[in-house]
Amino acid sequence: MELILLFGSCGLIGKEIFDSLVDKKYNVYGFDINKNFDSERVYELDLTNFNSVDDLFQTNLESLKKYEKIHIIYLSAIDSKLDQVWEPLHEFSLKEWRKFSTTNQEAMLYLISKFIHAKVNNIIKAELNFILFPSLYNFIAPDQQAYDDKMKVMKPFYYIGSKSLVRDLNRYINSSYAHIKVFSNCVVPHLVVQSDQKVNQNLLNKTLTKQRTDVRDIIKTTEFLINRPSNLVGQEIIVDGGWSIV
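What counts, and at which threshold
Residues numbered from 1 in each chain as written. Predicted model: local features only at pLDDT ≥ 70, side-chain atom pairs only at ≥ 80, totals over all residues. Heavy atoms only, no water. Helix = DSSP H or I, 4+ residues; strand = E, 2+ residues; numbered from the N terminus. Buried < 20%, exposed > 50% of the residue type's maximum accessible area, 1.4 Å probe, protein only. Contact = heavy atoms within 4.5 Å. Areas by Shrake-Rupley, 256 points an atom, 1.4 Å probe, with all protein chains shown as cover. Core = buried A, V, L, I, M, F, W, Y, C linked by side-chain atoms within 4.5 Å. Pairing = 2+ DSSP bridges. Axes fitted to C-alpha atoms, helices over the stretch in contact; angles between N-to-C directions. Parallel < 35°, antiparallel > 145°, perpendicular 65-115°, else oblique. Left-handed = near helix turned anticlockwise from the far one by under 90°. Nonpolar A, V, L, I, M, F, W, Y, C, P; charged D, E, K, R; others polar.

K.L.:
Can you help me understand the overall build of the protein in this one?
P.N.:
Along the backbone of the protein there are seven helices and seven strands. The order of helices and strands in the protein, counted from the N terminus, is β-α-β-β-α-β-α-β-α-α-β-α-α-β. Put simply, the protein has 246 residues, and 47% of those count as buried. For the protein, restricting intrachain contacts to residue pairs at least 6 apart in sequence, the fraction spanning at least 24 positions comes to 73%. Per element, the accessible surface of the protein, about 12,700 Å² overall, is 50% carbon and sulfur.

Put into structure tokens, the structure is as follows:
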């Protein structure tokens with residue numbers, strides 16, 4: 001028996017992934033702070049409230065014991081939108097940094113550590129398969145022209161810097177726990193928007209396919225990692241139409 005647990009909506013990418021998995025009859029449950037999903041299989045959860053995370057584990061630990069594989073998709077992140085105003089690095093704010101790092105680092109580490117702790121201590125026997133989502137800007141420098149010519153709306157370091165931990169965690173999980181069947185891989189998406197929104201030409205000019213990444217591309221990649229080859233570990237699958245190699 002297999003179970004999929006999806007945490008966060010990640011600009012509603014998570015909702016699209018969740019709906020697709022439900023449609024294909026996967027055994028999936030979702031957790032999100034805003035409960036943007038219209039489903040009885042989604043529960044409201046603030047991952048930065050560590051007491052709530054503890055309660056989630058305590059309540060569901062017995063049911064987790066019956067599964068042979070558990071897939072944990074972590075999408076939760078404080079992300080930027082093109083029309084939001086952000087502080088640039090030369091106006092660095094500890095308050096702003098802590099807001100990002102709490103969600104993008106501390107909450108992720110706490111949740112994942114709970115699963116691994118249960119596995120290491122033989123409380124659950126299932127194979128654990130983590131699917132994590134770093135930012136494409138953890139691989140290439142941000143193209144600030146894609147946002148605006150005003151410094152106040154540039155892609156913020158707070159997001160890029162805090163999300164960079166995902167890549168380190170991906171390597172660490174496999175190097176430390178693969179021998180007990182705890183694995184991890186990453187999906188790295190290009191800017192994903194709905195088809196009826198405006199295309200930013202600055203981005204498309206750097207994309208070999210000259211098209212935005214469709215959310216269905218991310219869904220397919222996520223499903224591939226759910227059903228991954230047994231020896232595929234620690235990979236970073238970049239779905240960006242070739243943007244990062246131009």
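K.L.:
Just checking my understanding: could you explain unusual backbone geometry for this structure?
P.N.:
Working note: non-glycine residues mostly have negative phi, and peptide bonds are mostly trans. Positive phi, normally seen in glycine, also occurs at K181, with a value near 65°. Assignment of secondary structure puts K181 in the loop between α5 (165–177) and β6 (182–189). At K210, a residue that is not glycine, the phi angle is positive and equals roughly 60°. Residue position: K210 is located in the loop between α6 (201–204) and α7 (215–226).

K.L.:
What am I meant to see in the nonpolar core here?
P.N.:
When a protein is soluble and globular, its nonpolar side chains tend to lie buried together. Core analysis: the largest hydrophobic core is formed by 31 residues, its most contacted members being F7, I70, F115, F130 and L132. Where this core is concerned, the elements lending two or more residues are β1 (2–7), α2 (50–64), β4 (69–74), α3 (94–120), β5 (127–132), α5 and β6. With seven residues, α3 is the single largest residue contributor to this core. Excluding residues that lie within four positions of it along the chain, I70 makes contacts with L3, L5, L64, F115, I124, A126, E127, L128 and N129. Core analysis: the next-biggest nonpolar cluster, separate from the first, contains 21 residues, I131, V192, V215 and I219 among them.

K.L.:
Sorry if this is basic, but what is going on with the side chain of H190 here?
P.N.:
On the secondary structure map, H190 appears in the loop between β6 and α6. In this view, H190 contacts L136, T207, Q211, R212, T213, V239, D240 and W243; residues no more than four positions away in its chain are not counted.

K.L.:
It is not clear to me how the sheet that holds strand β3 (residues 42–44) should be interpreted in this structure. Could you clarify?
P.N.:
Within a sheet, adjacent strands bond to each other through the backbone by hydrogen bonds, running parallel or antiparallel. Spatially, seven strands are ordered β3-β2-β1-β4-β5-β6-β7 in an open sheet, and the strand pairing comes out parallel. Two strands close off the open sheet at either side, each with one partner strand: β3 and β7 (236–239). Shown here is a sheet whose adjacent strand axes are inclined to one another by a mean of 20°, direction ignored. As judged from the six bridges shared by β1 and β4, these two strands associate in the parallel manner. From the neighbouring strand, F7 faces β4, where its bridge partner is Y74. The sheet strands contacting helix α1 (residues 13–23) are β1, β2 (28–32), β3 and β4, and the helix crosses β2 at an angle near 160°.

K.L.:
When you look at the packing of α1 against α7 in this model, what are you seeing that I'm missing?
P.N.:
Two numbers describe a pair of packed helices, the interaxial angle and the distance between the axes. With their axes 10 Å apart at the nearest point, α1 and α7 run at an angle of 60° to one another. The angle between the axes of α1 and α7 places the two elements in the oblique class. The interaxial crossing formed by α1 with α7 has right-handed handedness. Along the contact surface, α1 presents I13, E16, I17, S20 and L21, while α7 presents V215, I218, I219, T222, E223 and I226. The class makeup of the residues in the contact of α1 with α7 is seven nonpolar, two polar and two charged.

Function cannot be read off these values alone, since they describe shape.
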